[in-house]
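What follows is each chain in one-letter form.
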Amino acid sequence: MKINWLDKLIIKIWPKLGMRRMAKGLEIKNVVFDKLQEVFSQTERIDFFPYTGNERGFILVLDLETALFFNQDGDHFIYDGFEMGKYNKGKVTIFDDLKKEDVSPYPD
């Protein structure tokens, strides 16, 4: 998607409005960036862990006190809930074996 000068200006002055306009242009139906921005902009650290249950998945820990659980559902992961408590620090090398050329978040 190309961004015209008006959208660039709107994004610079009113980021939320600009992102909503872009989402509408991209036909994104479930716009959740406001909620995500609110949570993640206040998060000081994010740690990843492999899922500890019988299923395949991972745990995302925010600020060592909130754990978000994701389980595999076919070729993707789904959110499975959260819990609160005190958690350990994760390893920042968790994705080191994943090669950039093997996977990309962007369509071809």
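Coordinates for the structure precede this section.
Residues numbered from 1 in each chain as written. Predicted model: local features only at pLDDT ≥ 70, side-chain atom pairs only at ≥ 80, totals over all residues. Heavy atoms only, no water.

Structurally, D47 can be placed in strand 1 (residues 46-50). The exposure class of D47 is buried, given its relative accessible area of 5%. Beyond its immediate stretch of four places on either side in the chain, D47 contacts I59, L60, V61, L64, K89 and G90. (Helix = DSSP H or I, 4+ residues; strand = E, 2+ residues; numbered from the N terminus. Buried < 20%, exposed > 50% of the residue type's maximum accessible area, 1.4 Å probe, protein only. Contact = heavy atoms within 4.5 Å.)

Before going further, it helps to spend a moment on the packing of aromatic side chains. Considering all chains together, one arrives at 6 aromatic pairs under this definition. A centroid spacing of 6.2 Å and a plane angle of 45° characterise the contact between F48 and F58, whose relative ring orientation is tilted. In this pair, F48 is assigned in strand 1 and F58 in strand 2 (residues 57-62), connecting sequence segments 10 residues apart. On the basis of relative accessibility, which here comes to 27%, the residue F48 falls in the partly exposed class. Where F58 meets F77, the ring centres are 5.2 Å apart and the plane angle is 75°; that geometry is what we call edge-to-face. Of this pair, F58 sits in strand 2 while F77 sits in strand 4 (residues 76-84); the two residues are 19 residues apart in sequence, bridging distant segments of the chain. On the basis of relative accessibility, which here comes to 21%, the residue F58 falls in the partly exposed class. These aromatic residues form a ring-pair network of at least three members: F48, F58, F70, F77, Y79 and F95. (Phe/Tyr/Trp six-rings, centres within 6.5 Å; stacked < 30°, edge-to-face > 60°.)

As a further point, take the layout of surface pockets. Its boundaries defined by the atoms lining it, the largest pocket holds a volume of some 360 Å³. Lining the largest pocket are F48, R56, G57, F58, Q72, G74, D75, H76, F77, I94, F95 and L98. Broken down by secondary-structure element, the contributors of at least two residues to the lining of the largest pocket are strand 2 and strand 4. In terms of residue class, the lining of the largest pocket is built from 6 nonpolar, 4 polar and 2 charged. (1 Å grid on protein atoms, 1.4 Å probe; cavity = no way out; pocket = protein on both sides within 12 Å on 5 of 7 lines; lining within 4 Å. Points joined across faces, edges and corners; volume = space filled by probe spheres on them. Nonpolar A, V, L, I, M, F, W, Y, C, P; charged D, E, K, R; others polar.)

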